[in-house]
Amino acid sequence: QVQLVESGGGLVQAGGSLRLSCAASGRTSSMKHMGWFRQAPGKEREFVATITWSGGSTYYADSVKGRFTISRDYAKITMYLQMNSLKPEDTAVYYCAAKRENRGAYDDWGQGTQVTVSS
């Protein structure tokens, strides 16, 4: 099992930036992909971005493409989400997740960090 801890959330004005971090521990050698998801009040959780742990290939949801950047520090076993040009509709609890297979659902989840963007 992999333990994930997010940090870096907060309150920011529209147009501002935040950087989220996700520190992984435990059986991190089993990780193949890590990703960011978010859930706004009254809405279902949605995919934001993903990165392959070894190669660093990335993929983004259309809603964040060009504004958000996912990255990872292999030595620190930490994943990041740089969020620029934030909009009020980006307000949500952001979760990081990890999975051990190339396909299928994510296996491990963090507790989430709140991001609030004011207009």
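What you see is a predicted model, and the numbers here were worked out from it, not measured in a lab.

Participant: Could you give me a rundown of the sheet that holds strand E8 (residues 78-83), with the residues and numbers involved?
Facilitator: Spatial ordering of the open sheet is given by E1-E3-E8-E7, a layout of four strands whose pairing is antiparallel. Two strands in the sheet have a free side with no partner beyond their single neighbour: strand E1 (2-7) and strand E7 (68-73). Between one strand and the next, the sheet's axes are offset by a mean angle of 20°, whatever the strand orientation.

Participant: Could you give me a rundown of the pairing of strand E5 (residues 46-52), with the residues and numbers involved?
Facilitator: The buried count for E5 comes to five of seven residues, which makes it a mostly enclosed element. Both strand E4 (residues 33-39) and E5 contribute to a ladder of six bridges, which runs antiparallel. In the strand pairing of E5, tryptophan 36 is matched with alanine 49. The antiparallel pairing of E4 with E5 creates a hairpin that spans six residues between the two strands, and glycine 42 there sits at a positive phi of about 75°. Bridge count between E5 and strand E6 (residues 58-60): three bridges; the pairing is antiparallel. Paired with alanine 49 across the strands is tyrosine 60, a residue of E6. Hairpin connection between E5 and E6: a loop of five residues separates the two successive antiparallel strands, and glycine 56 in this loop has a positive phi of roughly 80°.

Participant: Residue-level account of the side chain of threonine 50, with values.
Facilitator: Along the chain, the position of threonine 50 falls in strand E5. Those residues in contact with threonine 50 that sit more than four places away from it in its chain are His33, Met34, Gly35, Ser57, Thr58, Tyr59, Ile70 and Tyr106.

Participant: Would you mind going over the environment of serine 71 in detail, with residue names and values included?
Facilitator: By secondary structure assignment, the location of serine 71 is in strand E7. When its relative accessible area of 31% is taken as the criterion, serine 71 is described as partly exposed. In this structure, the C-alpha to C-alpha distance between serine 71 and threonine 50, residues 21 residues apart in sequence, is 8.9 Å. Here serine 71 is in contact with Ile51, Thr78, Met79 and Tyr80, once residues within four sequence places are set aside.

Participant: Give me unusual backbone geometry: which residues, what numbers.
Facilitator: Here isoleucine 77, not a glycine, exhibits a phi torsion of approximately 50°, which is positive. For isoleucine 77, the position within the fold is in the loop between E7 and E8. Positive phi, normally seen in glycine, also occurs at serine 85, with a value near 50°. Assignment of secondary structure puts serine 85 in the loop between E8 and strand E9 (92-99). By relative accessible area, which is 40% here, serine 85 ends up partly exposed.

Procedures and definitions
Residues numbered from 1 in each chain as written. Predicted model: local features only at pLDDT ≥ 70, side-chain atom pairs only at ≥ 80, totals over all residues. Heavy atoms only, no water. Pairing = 2+ DSSP bridges. Helix = DSSP H or I, 4+ residues; strand = E, 2+ residues; numbered from the N terminus. Axes fitted to C-alpha atoms, helices over the stretch in contact; angles between N-to-C directions. Buried < 20%, exposed > 50% of the residue type's maximum accessible area, 1.4 Å probe, protein only. Contact = heavy atoms within 4.5 Å.

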